[in-house]
Amino acid sequence: MSTLGSEIRRIGIVGGGRMGAGIAEVCARAGLDTVVCEADATAARAARERVAVSLERAVQRGRLDRISAEAALARLLFTGDLEDLADRQLVIEAAVENADVKKEIFSALDKLVEDPGAILASNTSAIPIMTLGMATGRADRVLGVHFFNPVPVLPLVEIVSSLHTTADTAGTMESFVRETLGKTTIRSRDRSGFVVNALLVPYLLSAIRMAESCFATAADIDAGMVLGCAHPMGPLKLADLIGLDTVAAIAESLYAEFKGPLYAPPPLLRRMVQAGLLGRKTGRGFHTYDRG
């Protein structure tokens, strides 16, 4: 029997980076028992600190009261052992954007998550859900649940069903995201990039090509789109915020599926990723940032 969205109370998150920590925070603030699994104990401690800093920032900005912030942190368990997710009703994978890594995680989760009705979801930005579902013996219970950065602030979640995902699984997940987490959902078929990134990433790549050709500076490209098109953020600053490694990975996935030149990562993007110039998270991308 399926689990109704309102009955999902035990959540597992695989990956405690920026996205995983954000999803964990949103779940904990919704009153859910949430376990975050990282690669090891050191990474788990870093994930906890990431959530604690975000909660404190929400308090300082008046978005959350201190009692609620402390209660949310208390609902979170951080671990380096994947087996601590065995009793979860929903596990959301938020690991690095690499298909082989994600398939390995889904295969492991399939073996250890005890409830056959549990949902296994991926926060992937572009990797086809079918690829991940077929790494398990329960592809009907696998789907995409793509949050946006910063997760505690942005309201949208894409719900992505593969050809195997049942309507019941998708409906349960949509109900959970809307009613329990208070997010807005849109649905997408299982194609690389889904809705948002299939439209967004070619735009970002076009801006990168413009900078690469020295047609305009990064500052002028961003100013043009903010002041001329009323975008809240220019494309190169947005790419820096997403992470240039993530932008490149999404572009690779889009190009592999559609073979269109507009999806191909520009050489400059590849070189910046090779150099570790990944944007805001490393302090330098197309712009520079204070990491303190």
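For the structure, check the block above.
Summarised in this report is the structure supplied together with it. Note that this is a predicted model, so its numbers are computed, not measured.

Okay, unusual backbone geometry next. Put simply, Asn149 and Pro150 share a cis peptide bond, and its omega is 0°. Here Pro150 shows up in the loop between strand S6 (142-147) and strand S7 (156-161). Positive phi values are uncommon outside glycine, yet Ala230 reaches one of about 60°. A positive phi angle, close to 60°, is found at Lys259, a residue other than glycine. Mapped onto the fold, Lys259 is located in the loop between helix H10 (244-258) and helix H11 (267-274). Since its relative accessible area comes to 52%, Lys259 is described here as exposed.

Across the interface, helix H2 (residues 41-60) lies against helix H3 (residues 66-74) with an axial gap of 9 Å and an inter-helix angle of 165°. Considering the angle they form, H2 stands roughly antiparallel to H3. Where H2 crosses over H3, the two elements pack in a sense that is right-handed. Contacts from Arg48, Val51, Ala52, Leu55, Glu56, Val59 and Gln60 of H2 reach H3 at Arg66, Ala69, Ala72 and Leu73. Its residues assigned to classes, the contact of H2 with H3 shows seven nonpolar, one polar and three charged.

Parameters at a glance
- Residues numbered from 1 in each chain as written.
- Predicted model: local features only at pLDDT ≥ 70, side-chain atom pairs only at ≥ 80, totals over all residues.
- Heavy atoms only, no water.
- Helix = DSSP H or I, 4+ residues; strand = E, 2+ residues; numbered from the N terminus.
- Buried < 20%, exposed > 50% of the residue type's maximum accessible area, 1.4 Å probe, protein only.
- Axes fitted to C-alpha atoms, helices over the stretch in contact; angles between N-to-C directions.
- Parallel < 35°, antiparallel > 145°, perpendicular 65-115°, else oblique.
- Left-handed = near helix turned anticlockwise from the far one by under 90°.
- Contact = heavy atoms within 4.5 Å.
- Nonpolar A, V, L, I, M, F, W, Y, C, P; charged D, E, K, R; others polar.

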